[in-house]
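Coordinate inspection notes
The chain contents come next:
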Amino acid sequence: MENEEANSLPMRLSIASTFTCNPIEEAFKFWGEVFGFKTRVCFSPYDQVFQELLNRHSSLNQPDNDARIVIVKFDDWTRNLSKEEESSLHSHIVSNIRFLSEYAAISASFVKSPLFLTIARNSRDSCIKPDKQLIYEKLIRDHLSVNSNIYITTSSEVDTKYPVDDEYYDVQRDQLGHIPYRLEYFTGLGTFVFRKILASKSNPYKVIVLDCDNTLWSGVCGEVGPNGIRLSEPYRNLQSFMLRQMKSGRIFCLCSKNVQQDVDRVFSENYNMIIKEQDIVSSKINWQPKFQNIKELSEELGLGLDSFIFLDDNPLECAEMRANCPEVLTLNLPDRPEEITSFLEHAWPFDFLKKTNEDQQRTKLYKDNIKRSDYENVHSSLKEFIKGLDLDICLKNAGPEDLSRISQLSYRTNQFNFTTLRRSEEEIKNMLNKDGFTCKICRVKDRFGDYGLVGVMLYHELSNRIVLDSFMLSCRILGRGVEHEMLKSVGEEALGMGIDSVQINFIKTEKNQPALNFLQSVFEDFFPTENGYLISSTHVSKLSYDPDKNRPVYNTTNGEVLKSSLNTPGKNKSILFEQIAKELNSALKITQRLPSYRYSPTSQETGSSPDAGKDAVQIITEIWENILGTTDIGPQQHFFNEGGTSLKAVEVLSQLNERFNKNLTIVSLFEHSTIQSLADLVQDIPAENTEFNKIKEIAASRKDRFRQRN
């Protein structure tokens, strides 16, 4: 399965961890290839997490990183505790968590690329109990939840999406090179993090459109009636899943070839429905083509087709949608209902990172907008409509509780955004701590409801002028005079400070033509400077809005858009995500696609030996060639002269020990660095070296003492 039209976009990932996590690179490169990214993975020095976070010039903090990944395993902080320190294990870990949180926040304050802080699973015989693990993970969330540029992944989240059996821990690799996991766990961990990275780089889908019969429930409501439909566990799970999506900021609509009254009766009479009628923003229940209904929903909601996800059980309906609305992400549910839950959990477009209060109110916001549209249709003029709305515009200085939404608007708002400068919460906070900087927010209400925080202005005083650094406004409030009132307030403030002029910075982009149309409509007698407009404070303070005169043309259809989307054509993107949800929905299935899996002893079929009929030289040669990626290695050639590294040495030793049932150490490969010498060694020593076993027993006993005291 490959992306048919690769984006050929570079993706640079930098990783710091408390253990050797280089095997995770394979998962990142695999998914990069699937989505058309040229993925480059850079690893920080071993166990240097704190140092890398604090060092502005570290590989982790390079400005060209697309994503920064920090992976910690709590019991790594206990590996080297002395006997005297055993009793303070809990306080030691809590102290490290505090340092980790502080240093991550510091790093996020001077590097723009997102930081993905990931908590990995402890070793199988860890001295940290599961209940303490949950406490530690909560501590990190509490410390960093306010930072919009840091995304936290817990070990339980990874285990839920990509569970791996009790054999996830690799004793040999951990002891040889502090590589604690088998490939399957590294794959699940890397896949989960990559999903978050992709979500941070992609357009957010805002609308989920659901078919009804055999999608939202089992059965045909027009034939069996509202109480004849079946809500078995898969369909109840689907409805619960959709409610969680709604709480994260997505809205959903219905699109079904059905009789409106039959569908209405299901919601009003079947009390087993988890989704209620009030949860649905709009419905298109009729017999016309569904792609036509989706287009009408797009117009009705004022959102582009690339904001929609469409789910249907019928492959013909899905094919028709993909052909006529390729921008819509179209997913065909599995034929077997028992596969629906897994399908939804592994349909990546449903992923979300963080949510604001406005996100949680989005369903109500769009319902209110539909009421406004109906209200507008009964008025003869726009002026009368706006007057009847009874707009309440509140402008005030931003508070700490507003930073998350301000940052979100800076990333999502493209069309009415004067400069499209993207800023994290930490950057905004740092700006406001400087003298002379002001951040004004705009909240709007009308007779139909609360729009929430829809506008932001960032400005400062410089050389007897006010410099408007950023001005952004949500598209859902455009054309009602709010933009005029916001800009007018800056002029009034400038006059109050005795400042003569206002400099309005503007940077033209592909999408902010609506913002330029507004500026040209209110300053039509002024010529823009290189940076934007320089206008007298008096002129700015006298701005007013008359809908019947000099009304700017906005033509906005896509609303707020996040960053850049994947360049995959819509039809291909739908197929790609559907294949992932159906075929690559477990750590094992993904691992089996990785090149190294073919050479792992665990990949061999039970009951047949991969080494049958081979002598030691042949087996070791095969291991070397697979790991070194070369052929024609002679029995007298040296491992480190053929491209061997310390990490590759660990992998060679691990496979040797598994296939020959030995316990060779890293020293063995240095002392016996040719194939022939190694073959002689494994044939001469007995299986399971006794001295090595004693070392393992001592280590296990010590960990038992840790566990009992904790």
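Predicted model, so just to flag it, every value in this text is computed and none were measured. (Residues numbered from 1 in each chain as written. Predicted model: local features only at pLDDT ≥ 70, side-chain atom pairs only at ≥ 80, totals over all residues. Heavy atoms only, no water.)

1. What about the overall build of the protein chain?
The line we're drawing: Under the scheme used here, helices are H or I runs from DSSP no shorter than 4 residues and strands are E runs no shorter than 2 residues, and both carry numbers assigned from the N terminus. Classification of residues uses two cut-offs on accessible area relative to the type maximum, computed with a 1.4 Å probe and protein chains only: under 20% is buried, over 50% is exposed, and between them is partly exposed. Contacts are assigned to residue pairs that have any heavy atoms within 4.5 Å of one another.
Within the protein chain one finds 28 helices and 16 strands. Here the protein chain holds 710 residues, and 55% of them are scored as buried. Put simply, 74% of the contacts in the protein chain that link residues at least 6 apart link residues at least 24 apart.

2. Re the sheet that holds strand 6 (residues 207–210)
Convention followed: Paired strands, as defined in this entry, are two strands with at least two bridges between them according to DSSP. Only the stretch in contact is used when a helix axis is fitted, and all axes are lines through C-alpha atoms; the angle between N-to-C directions ranges over 0 to 180 degrees.
Read across the open sheet, the 5 strands follow the order 8-7-6-9-10; overall the sheet is parallel. Bordering the open sheet on either side are strand 8 (280–286) and strand 10 (329–332), each of which pairs with just one other strand. The average undirected angle you get between the axes of adjacent strands in this sheet is 20 degrees. As paired elements, strand 7 (residues 251–257) and strand 8 share 5 bridges and run parallel to each other. Pairing of Cys-255 across the sheet is with Lys-284, part of strand 8. With respect to the sheet, helix 12 (residues 315–324) is in contact with strand 7, strand 9 (308–312) and strand 10, its orientation differing from that of strand 10 by roughly 165 degrees.

3. Looking at the pattern of salt bridges
To keep it simple, the criterion reads: Salt-bridge detection follows one rule: a side-chain nitrogen of Lys or Arg within 4 Å of a carboxyl oxygen of Asp or Glu.
Across all of its chains, the model carries 27 salt bridges by this definition. Where Arg-443 meets Asp-402, a salt bridge forms, and the shortest distance between an N and an O atom there is 3.2 Å. Separated by 41 residues along the polypeptide, Arg-443 in strand 12 (residues 437–446) and Asp-402 in the loop between strand 11 (392–397) and helix 17 (403–412) bring together distant segments of the chain. Owing to a relative accessible area of 3%, Asp-402 belongs among the buried residues under this scheme. Here Arg-423 ties to Asp-469 by a salt bridge, and the two come within 2.6 Å at their closest N and O atoms. Separated by 46 residues along the polypeptide, Arg-423 in the loop between helix 17 and helix 18 (425–432) and Asp-469 in strand 14 (residues 465–473) bring together distant segments of the chain. Comparing Arg-423 with Asp-469, the two get one shared label, buried. Overlapping salt bridges, with partners in common, bring together Lys-73, Asp-75 and Asp-76 in one network.

4. Section: the environment of Ile-535
The topology assignment puts Ile-535 in strand 16 (residues 532–536). With relative accessibility at 1%, the residue Ile-535 sits in the buried group.

5. A few points about the packing of aromatic side chains
Working definition: an aromatic ring pair is given by the centre-to-centre distance plus the angle between the planes. Basically, it comes down to this: Only centres within 6.5 Å qualify two rings of Phe, Tyr or Trp (six-membered ring in Trp) as a pair; their planes then separate them into stacked at under 30 degrees, edge-to-face at over 60, and tilted for everything else. Geometrically, a charge over a ring is one whose NZ (Lys) or CZ (Arg) sits within 6 Å of the ring centre while staying within 35 degrees of the ring normal.
For the coordinates displayed, the defined rule picks out 28 aromatic pairs. Residues Phe-50 and Trp-77 carry aromatic rings whose centres are separated by 6.3 Å and whose planes lie at 40 degrees to one another, so their mutual orientation is tilted. Separated by 27 residues along the polypeptide, Phe-50 in helix 2 (residues 49–54) and Trp-77 in the loop between strand 3 (67–72) and helix 3 (89–110) bring together distant segments of the chain. Neither Phe-50 nor Trp-77 differs from the other in exposure class; each is buried. The ring centre of Phe-110 lies 4.1 Å from the NZ or CZ of Arg-56, which sits over that ring. If you follow Arg-121 out to its NZ or CZ, it ends over the ring of Tyr-168, 4.0 Å from the centre.

6. Concerning the packing of helix 11 (residues 290–301) against helix 12
Note the cut-off: For classification purposes, an angle smaller than 35 degrees is called roughly parallel, one larger than 145 roughly antiparallel, one from 65 to 115 roughly perpendicular, and anything else oblique. Under this grouping Gly is polar, as are all residues other than the nonpolar Ala, Val, Leu, Ile, Met, Phe, Trp, Tyr, Cys and Pro and the charged Asp, Glu, Lys and Arg.
Where helix 11 meets helix 12, the closest approach of the two axes is 9 Å, and the angle between their N-to-C directions is 55 degrees. Put simply, helix 11 runs oblique to helix 12. Along the contact surface, helix 11 presents Lys-290, Phe-291, Ile-294 and Lys-295, while helix 12 presents Glu-317, Glu-320, Met-321 and Asn-324. Of the residues in the contact of helix 11 with helix 12, the class split is 3 nonpolar, 1 polar and 4 charged.

7. Overview of the sheet that holds strand 2 (residues 37–43)
Across the sheet, which stays open at both edges, the 5 strands sit in the order 2-1-3-4-5 with parallel pairing between neighbours. Of all strands in the sheet, those with a lone pairing partner are strand 2 and strand 5 (150–153), marking the two edges. The mean angle between the axes of side-by-side strands here comes to 20 degrees, regardless of whether they run parallel or antiparallel. Across the face of the sheet, helix 3 comes into contact with strand 3, strand 4 (115–119) and strand 5 while running at roughly 175 degrees to strand 3. Most of the contacts of helix 7 (residues 183–201) go to strand 4, to which it runs at about 155 degrees, and overall it touches strand 1 (9–17), strand 2, strand 3, strand 4 and strand 5.

8. Let's talk about the environment of Asp-279
Selection criterion: For the purposes of these results, a polar contact is taken to be a pair of N or O atoms within 3.5 Å, where, inside protein, one atom must be able to donate a hydrogen and its partner to accept one; residues adjacent in sequence count only when each atom of the pair is a side-chain atom.
Among the structural elements, Asp-279 can be located in the loop between helix 10 (260–269) and strand 8. Judged by relative accessible area, which is 11%, Asp-279 ranks as buried. For the pair Asp-279 and Leu-243, spaced 36 residues apart in the sequence, the C-alpha separation amounts to 8.2 Å. From its side chain, Asp-279 meets the backbone nitrogen of Lys-276 in a polar contact 2.9 Å long.

9. Details of helix 20 (residues 513–522)
Most of helix 20 sits inside the fold, with 8 of its 10 residues counted as buried. All of the buried residues along helix 20 are Pro-514, Ala-515, Leu-516, Asn-517, Phe-518, Leu-519, Ser-521 and Val-522. Looking at the buried side of helix 20, the elements it contacts are helix 19 (482–496), strand 15 (501–505), strand 16 and helix 21 (537–541).

10. As for the packing of helix 17 against helix 18
Applicable threshold: The sense of a crossing depends on the near helix, which, turned anticlockwise from the far helix by less than a right angle, makes the crossing left-handed and, turned clockwise, makes it right-handed.
As a packed pair, helix 17 and helix 18 sit with axes 9 Å apart at the nearest point and diverge in direction by 110 degrees. Comparing the axis directions of helix 17 and helix 18 gives the class roughly perpendicular. Helix-helix and strand crossings are classified by hand; for helix 17 and helix 18 the assignment is right-handed. Contacts between helix 17 and helix 18 involve Leu-403, Ser-404, Ile-406 and Ser-407 from the first element and Glu-425, Ile-428, Lys-429 and Leu-432 from the second. Considered class by class, the residues forming the contact of helix 17 with helix 18 number 4 nonpolar, 2 polar and 2 charged.

11. Topic: the side chain of Ser-218
Relative to the helices and strands, Ser-218 is located in the loop between strand 6 and helix 8 (221–224). Assessed through its relative accessible area of 7%, Ser-218 is described here as buried. For Ser-218, the contacting residues outside a window of four places in its chain are Ile-229, Arg-230 and Tyr-235.

12. A look at helix 3
An α-helical turn contains 3.6 residues, so any two residues separated by three or four positions project in the same direction. Definition in use: The span expected for a helix works out to 1.5 Å for each residue beyond the first.
Here helix 3 spans 32 Å end to end across 22 residues, near enough to the 32 Å set by a 1.5 Å rise per residue. What helix 3 keeps buried is the set Leu-89, Ile-93, Ser-95, Asn-96, Ile-97, Leu-100, Ser-101, Tyr-103, Ala-104, Ser-107 and Ala-108.

13. Here we look at unusual backbone geometry
A positive phi angle, close to 55 degrees, is found at His-178, a residue other than glycine. Summarising the element assignment, His-178 is placed in the loop between helix 6 (171–177) and helix 7. Residue classification places His-178 among the buried residues on the basis of a relative accessible area of 5%. Residue Asn-214 is not a glycine yet carries a positive backbone phi of 65 degrees.

14. Concerning the confidence of the model for the protein chain
Let me state the cut-off plainly: Here pLDDT means the predictor's own confidence in every residue, given as a number from 0 to 100.
Of all residues in the protein chain, 83% attain a pLDDT of 70 or more, and the chain-wide mean is 82. Under a pLDDT of 50 for its full length, residues 604–608 has, in the predicted model, 2 contacts with residues more than four places off or in other chains.

15. Side note on the nonpolar core
This is how it is decided: What we call a nonpolar core is a set of buried Ala, Val, Leu, Ile, Met, Phe, Trp, Tyr and Cys residues that are connected through their side-chain atoms within 4.5 Å.
In terms of nonpolar packing, the biggest core is built from 101 residues, with Trp-31, Phe-35, Trp-217, Met-242, Leu-311, Phe-350 and Trp-624 touching the most fellow members. Broken down by element, this core gets its largest block of residues, 8 residues, from helix 7. Formed by 34 residues, the second largest nonpolar core is a distinct cluster that contains Cys-475, Val-482, Leu-487 and Tyr-533.

16. Considering the pairing of strand 12
Burial analysis of strand 12 places 7 of its 10 residues in the buried class, the great majority of the element. The pairing of strand 11 with strand 12 spans 6 bridges and is classified as antiparallel. In the sheet register, Leu-395 faces strand 12, and the bridge partner there is Cys-442. Relative to strand 13 (residues 449–461), strand 12 runs antiparallel, the two sharing 10 bridges. If you follow Lys-445 over to strand 13, its bridge partner there is Asp-450. Remark: 2 residues form the turn of the hairpin made by strand 12 and strand 13, two consecutive strands paired antiparallel.

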